[in-house]
Amino acid sequence: MSGAFLRLVDVTKRFDERFVIERVSLELREGQAMALLGPSGCGKTTLLRLIAGLETPDDGEIWIAAKKVAAKGRNTVAPRGRNIGFVFQDLALWPHLTVAGNLDFVLQSQRWERRTRRDRVDEVLRMVHMAPHADKYPSQLSGGEQQRVAIARALVARSQLLLLDEPLSNLDSDLKSALLEELSFLQRRLNLTTLYITHDKLEAATFADTVVKMKNGRIDESNLTLMQGVR
Amino acid sequence: METIPVNSSAFRHSRALPSARALTLGLAVTLFVLFCVIPVVYMFVVSLTNAAGSFTLDNYQPLLTDPRQRALMVTTIELGAGAAIFATVLGAPLGLLFARASLPAKRFLRLALVAPLVVPPYIMALAWVLLTGPVGLFARAAGRDFLSDWTYSLTGAIVVLGVTFYPLSMLATEAAARRVDARLEESALLAASPGRVLWRITLPLIGPTVAAAGLIVFVLALSEFGVPALLRVRVFTTEAFTAFAAFYDFGAGVALCAPFLVVALVVSLTIKFVIGERLLVTPRSIRLGLPLTFSRPLRAMILIGIAAVVFASTLLPVSALLIETTGINRIASAASTSGEAIANSLWLAFTGATLIVALAVVLGYGRTRARNRLRTFFDPAFILLFAVPSTVVGIGIIGLWNRDGVMGQVYSSQWIIVVTYIARFVPVAALMLAASVRQISISSEHAAEVAGASWTRTFASIVLPQLRTGIVAAWVVSFIFCFGELGATILVAPPGESTLPVRVYTLIANTPSSEVASLALMQVGITLIPLILLTVFLPKKVTRKPA
């Protein structure tokens, strides 16, 4: 067994008999930032959802922190037991909770004590420069601010594995560059194992140590000699 | 170089003559105001004037000073609130189950559970009287009357109205639960248990819609006439009917309903405020973020619960009617003696539904596509007018149309019943069709416009074909409402020109229950046929797509 933090072994997923993910194997060591690059519909998001436990693989194994979380066509660990931070493409901020409430919900669900929760929420909001907006609702924030809240929510429970599903796709290029830089800084500072999905080559190369290409539900063999990130 | 097609709206708007679009919408709004708004406004004006034509508040004075009126107010509010709570407690969990749980024969079960909504409420009340009244089936089986005190009470009326309207809460909850963005729940599932996600994320997100549905039930229960009248519960609608039918007192009749109308206005504005555009748009989330799964014993208990609701809300009342008819010969005999009323009801409901949809489709289009702020007021206006008690609409129509000339000729013919149907049901059909128009991309109209099509051609060839499912649904719902209309028809129907609901209602007091039950059963049967057809031909659910 390798020392990988995240390990996928021949993971396969079908929808209506169509292969969306076909025998994908991947390894990420602790603290590694990998970008998964590929065109729309190639299965990138489904792969992330399989790792998070939001979909069940039809075949193959998924290991997180040396623990088998999915095998033999079923999830053996529920999503909440995987200690994952996930930033969705459309952010999925809970509109009826404030910024602080969005973060607090995660900690409360993981049974953090009230005082610790408050301190941790403050700390993470400061980290992403959103402390002054703690009491606002998502609808009162700009696109970039919402992005920061989504990142903060993914980080708040000290998850060691961060999954990012095209988190910056809806931003203009200036804001995207600034946030990408911050995200990259946080990833290194917190030593987060990170899988970053994008269809933007420059974004992938800026953020990741390693870039892997996907095509038609498979890791593109022709690019298996991985491109090295430029950072 | 940019060119502007000669038929484009930009070109037409510069002309002095109004466009075909403006003319069509203007005509529709004029008819809406004439048929739906003026009768109600007219009644208010009458209620605020004395015999000499001067302003007076005399009709409203008893509302504040007479203790009996205050008691009436309390009973009316209790009836509305009780029915709303009953319908929500029963309907909301069912809606959640239908949106999120895997159930066998879901389509059939949904149809069975929705059935009470299309059965006219007074028929439901009649069925419960036949079951639990002093000489009802239960009393005959037990050899003594032990339920009639409950039947003829406020509680009985609450239960009957709650059972009639719970499908509204169920359908609204189901639609709300389906449109919750799956990712909101999935992101919560990464941290919390499914139960906690349901409690903290899903329920708060669907809460406003559930509350809005409760408010709609509240208003509908308040405006209902047939059920409290049959179950002898004195509320504003029954007192307004008495004030008019017994004393021919227009002003007092309307004044009695004034507090209720204020409540209806507040509620319609609240609904608009709380759920906003979601009143019209109910897109389904392609993926369910939090499917409800149950252990085998719990699932069995849930299915037994659903079967119990179907039994109590549909099978039991219909069975009561069936048993009371005493056989197929009685139904045939009732059909022959009331053949004229049945035929009247069928053609009037058919004509009414057709005209309602014709007007509502243009109003619904105008509501969705209007470029000015006026459209903000359409929804509260539609809800408010739909909530106006049938008795008030009836009194208003009599006051407005009972005069010499063409209006008088219409008033003395069966067409006044069609006018009544239009006044009562155009608002709800317009809301339904506005929702359908909203589903059509504006780009398809722009493409036709750029291609050189006139607005009329675009509307006829691009918009209407895409609306056909919505039009059929609105027609069926309008037909069902028209066919079961009682409160206003009983007031406006010309002598000798009875409809089936009016005939059933007037026969209840002095005719063998077997004949009344036979006619009621026919009413239920005719009402359920279009509902079944609608369910069969509705588009199938969205199929799952990969992420």
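Because the structure is a prediction, the values reported are computed rather than measured. (Residues numbered from 1 in each chain as written. Chains lettered and ligands numbered in written order. Predicted model: local features only at pLDDT ≥ 70, side-chain atom pairs only at ≥ 80, totals over all residues.)

Next up on the list: the overall build of chain B. When you go through chain B residue by residue, the secondary structure sums to 27 helices and zero strands. Taken over C-alpha atoms, the radius of gyration comes to 25 Å for chain B, in line with the 24 Å a tight globule of 547 residues would show. Projected onto the principal axes, the alpha-carbon positions of chain B cover approximately 85 × 70 × 50 Å. Here chain B, with 547 residues, has 48% of them falling under the buried criterion. In chain B, the proportion of contacts linking residues at least 24 apart, taken out of those at least 6 apart, comes to 82%. (Helix = DSSP H or I, 4+ residues; strand = E, 2+ residues; numbered from the N terminus. Rg over C-alpha atoms; globule rule 2.2 N^0.38 Å. Buried ≥ 20, exposed ≤ 12 C-beta atoms within 10 Å, placed from the backbone. Contact = placed C-beta atoms within 7 Å.)

The helix and strand tally for chain A stands at six helices and 12 strands. Its C-alpha radius of gyration of 17 Å places chain A within 12% of the 17 Å reference for a compact globule of 231 residues. Overall size of chain A, expressed as C-alpha extent along the three principal axes, is 45 × 40 × 35 Å. Considering chain A as a whole, with its 231 residues, one finds that 46% of them fall into the buried category. Of all intrachain contacts in chain A linking residues separated by at least 6 positions in sequence, the fraction that spans at least 24 positions is 65%.

Attention shifts here to the sheet that holds strand 4 (residues 59–64) of chain A. All names here are of chain A. Taken in spatial order, the five strands line up as 2-1-4-5-6 in an open sheet, and their pairing is antiparallel. One side of each edge strand has no neighbouring strand; the edge strands of this open sheet are strand 2 (18–28) and strand 6 (74–75). Pairing geometry for strand 1 (residues 6–15) and strand 4, over five bridges, is antiparallel. Opposite Thr 12, over in strand 4, you have Asp 59 as the bridge partner. (Pairing = 2+ DSSP bridges.)

Residue and element names in this part refer to chain B. Examined at the domain level, chain B breaks down into domain 1 (19–57 + 329–538) and domain 2 (59–325). Listed as interface residues are 44 residues of domain 1 and, on the opposing side, 44 residues of domain 2. Mapped by element, the contributors of at least two residues to the side of domain 1 that touches domain 2 are helix 2 (20–47), helix 16 (328–337), helix 18 (378–387), helix 19 (390–401), helix 21 (415–438), helix 24 (468–484), helix 26 (500–507) and helix 27 (513–537). Per-element accounting of the side of domain 1 that touches domain 2 gives the leading share, 14 residues, to helix 27. Residues belonging to the side of domain 1 that touches domain 2 are distributed by class as follows: 29 nonpolar, 12 polar and three charged. (Domains from an automatic or database assignment. Nonpolar A, V, L, I, M, F, W, Y, C, P; charged D, E, K, R; others polar.)

Let us now look at the confidence of the model for chain B. Atom-level detail of predicted coordinates should not be read off regions where pLDDT is low. Residues and elements named next belong to chain B. In this model, chain B carries a mean pLDDT of 83, and residues with pLDDT of at least 70 account for 90%. By mean pLDDT, the top-scoring element of chain B is helix 17 (residues 339–369) (93), and the lowest-scoring one is helix 1 (residues 9–12) (41). Counting contacts from residues 541–547, a segment whose pLDDT is below 50, to residues more than four positions away or on other chains yields 12 contacts. Both scores are given for the predicted complex: the pTM is 0.75, the ipTM 0.71. (pLDDT = per-residue confidence, 0-100.)

Counting residues at the interface gives 19 residues for chain B and 21 residues for chain A. Elements that contribute at least two residues to the side of chain B that touches chain A include exactly helix 10 (182–189) and helix 11 (194–223) of chain B. Per element, the largest residue contribution to the side of chain B that touches chain A is six residues, and it comes from helix 10 of chain B. Split by residue class, the side of chain B that touches chain A holds 11 nonpolar, two polar and six charged.

Where burial is concerned, most of helix 18 of chain B is hidden: nine out of the 10 residues are buried. All of the buried residues along helix 18 of chain B are Phe 378, Asp 379, Ala 381, Phe 382, Ile 383, Leu 384, Leu 385, Phe 386 and Ala 387 of chain B.

Residues and elements named next belong to chain B. Assignment of secondary structure puts Thr 49 in the loop between helix 2 and helix 3 (61–65). The partly exposed category is assigned to Thr 49, around which 15 C-beta atoms lie within 10 Å. Expressed as a C-alpha distance, the spacing of Thr 49 and Asn 59, which sit 10 residues apart in the sequence, is 8.8 Å. Excluding anything up to four places from it in sequence, Thr 49 contacts Ser 54, Phe 55 and Thr 56.

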